[in-house]
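# Structural features, examined
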Amino acid sequence: MTESTKTADEAEKLTRRRARMLPVLALFLIIQQSAYFAHGDGTRTVDHVRLGAWVAMSVVVLVVLLTGGFWFRRPEVRAMIEDESARANRAAALGTGFVCAMVTAIICYVMQYAWEFTVGEVIHLIVTAGLFSALVRFAMLERRGLG
């Protein structure tokens, strides 16, 4: 097996793994969201740790959506994984995430007198809605491309 064949096989394997892992990341994001709203008032140390974990996960998810991930792989493998269709899928997913974040922001604004949310809670909802929808869209597009 030649080096280019090994690289192509590795890239194919990682692309399939990414398509399987994106919905899992989206699920973790929603689970963290529910834990945020179900527990505590934000004054305990554990609440600060939970919020910090959500921020860290949100940043990682955003960077994955922006770059495609696989930062510690060889450049040749990353180039094969990040082909034109993967970049187009990420762009479409980011567009979907943006629209969902804006819709969530508009809903929160319209409903501000009916619901009692803090600014932090609204930000949490907007960011989670945008990232979740982008992850799901990216996963759907990647799986369609592999099928």
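## Comments concerning the side chain of His124
Inspection of the secondary structure puts His124 in helix H5 (residues 119-146). Sequence-distant contacts of His124, defined by excluding residues within four places in its chain, comprise Gln33, Tyr36, Phe37, Leu51 and Trp54.

## Describing the environment of Glu76
Examined against the element boundaries, Glu76 turns out to sit in helix H3 (residues 75-81). With relative accessibility at 45%, the residue Glu76 sits in the partly exposed group.

## Let's talk about the packing of helix H1 (residues 3-38) against helix H2 (residues 45-67)
Close contact between H1 and H2 brings their axes to 11 Å; oriented N to C, the two are set at 155°. Here H1 is positioned roughly antiparallel relative to H2, judged by the angle of their axes. In this structure, H1 meets H2 at a crossing whose hand is left-handed. Taking contact as the criterion, the partners of Leu25, Phe28, Leu29, Gln32, Gln33, Ala35 and Tyr36 in H1 are, on H2, Arg50, Leu51, Ala53, Trp54, Met57, Ser58 and Val61.

## Focus: helix H4 (residues 84-110)
Given 3.6 residues per turn, any residue in an α-helix points the same way as the ones three and four places further on. Here H4 spans 39 Å end to end across 27 residues, near enough to the 39 Å set by a 1.5 Å rise per residue. Regarding H4, the residues found buried are Ala86, Asn89, Arg90, Ala93, Gly97, Ala101, Thr104 and Cys108.

## Details of the pattern of salt bridges
Applying the stated criterion across every chain yields a total of 7 salt bridges. For Glu12, the salt bridge goes to Arg16, with nearest N and O atoms at 3.1 Å. With Glu12 and Arg16 both in helix H1, this residue pair falls 4 residues apart, about one helical turn. Among the ionic pairs, Arg90 bridges to Glu82, the shortest N-O distance being 2.1 Å. By relative accessible area, which is 10% here, Arg90 ends up buried. With relative accessibility at 14%, the residue Glu82 sits in the buried group. Residues joined by salt bridges that share partners form a network here, namely Glu10, Arg73, Arg74 and Glu76.

## What to know about the environment of Trp54
Its location among the elements puts Trp54 in helix H2. Sequence separation between Trp54 and Arg16 is 38 residues, and the spatial gap between their C-alpha atoms is 26 Å. Leave out the neighbours within four places in its chain, and Trp54 touches Leu29, Gln32, Gln33, His124, Val127 and Thr128.

## Thoughts on the nonpolar core
In terms of nonpolar packing, the biggest core is built from 13 residues, with Leu22, Leu29, Val61, Leu65, Leu131, Leu135 and Phe138 touching the most fellow members. Within the residue set of this core, elements represented by two or more residues are H1, H2 and H5. Discounting chain neighbours no more than four positions away, the residues touching Leu131 are Leu29, Ser58, Val61, Leu62 and Leu65. Within the second largest apolar cluster, 5 residues are counted, among which are Ala11, Leu14, Phe70 and Ile81.

How each quantity is defined
Residue positions are counted from 1 within each chain, in the order its sequence is given. Under the rules for a predicted model, residues below a pLDDT of 70 receive no local features and side-chain atom pairs below 80 are neither given nor counted, while totals for whole chains, interfaces and linings still include all residues. Water and hydrogen atoms play no part in the side-chain values, which are based on all heavy atoms of the structure. Secondary structure elements are taken from DSSP: a helix is a run of H or I of four residues or more, a strand is a run of E of two residues or more, and numbering for both begins at the N terminus. Here, two residues are considered to be in contact whenever any of their heavy atoms come within 4.5 Å of each other. When a residue's accessible area, from a 1.4 Å probe over protein chains only, is under 20% of the maximum for its type it is buried; when over 50% it is exposed; and in between it is partly exposed. Working convention: axes come from line fits to C-alpha atoms, limited for helices to the stretch in contact. Angles between N-to-C directions cover 0 to 180 degrees. Should an angle lie under 35 degrees it is considered roughly parallel, over 145 roughly antiparallel, and from 65 to 115 roughly perpendicular; all remaining angles are considered oblique. Whether a crossing is left-handed or right-handed is set by the direction in which the near helix is turned from the far one by less than a right angle, anticlockwise for left-handed and clockwise for right-handed. Each residue after the first adds 1.5 Å to the expected span of a helix. Here, a salt bridge means any Lys or Arg side-chain nitrogen found within 4 Å of an Asp or Glu carboxyl oxygen. Joining through side-chain atoms within 4.5 Å is the link that ties buried Ala, Val, Leu, Ile, Met, Phe, Trp, Tyr and Cys residues into a set, and such a set is a nonpolar core.

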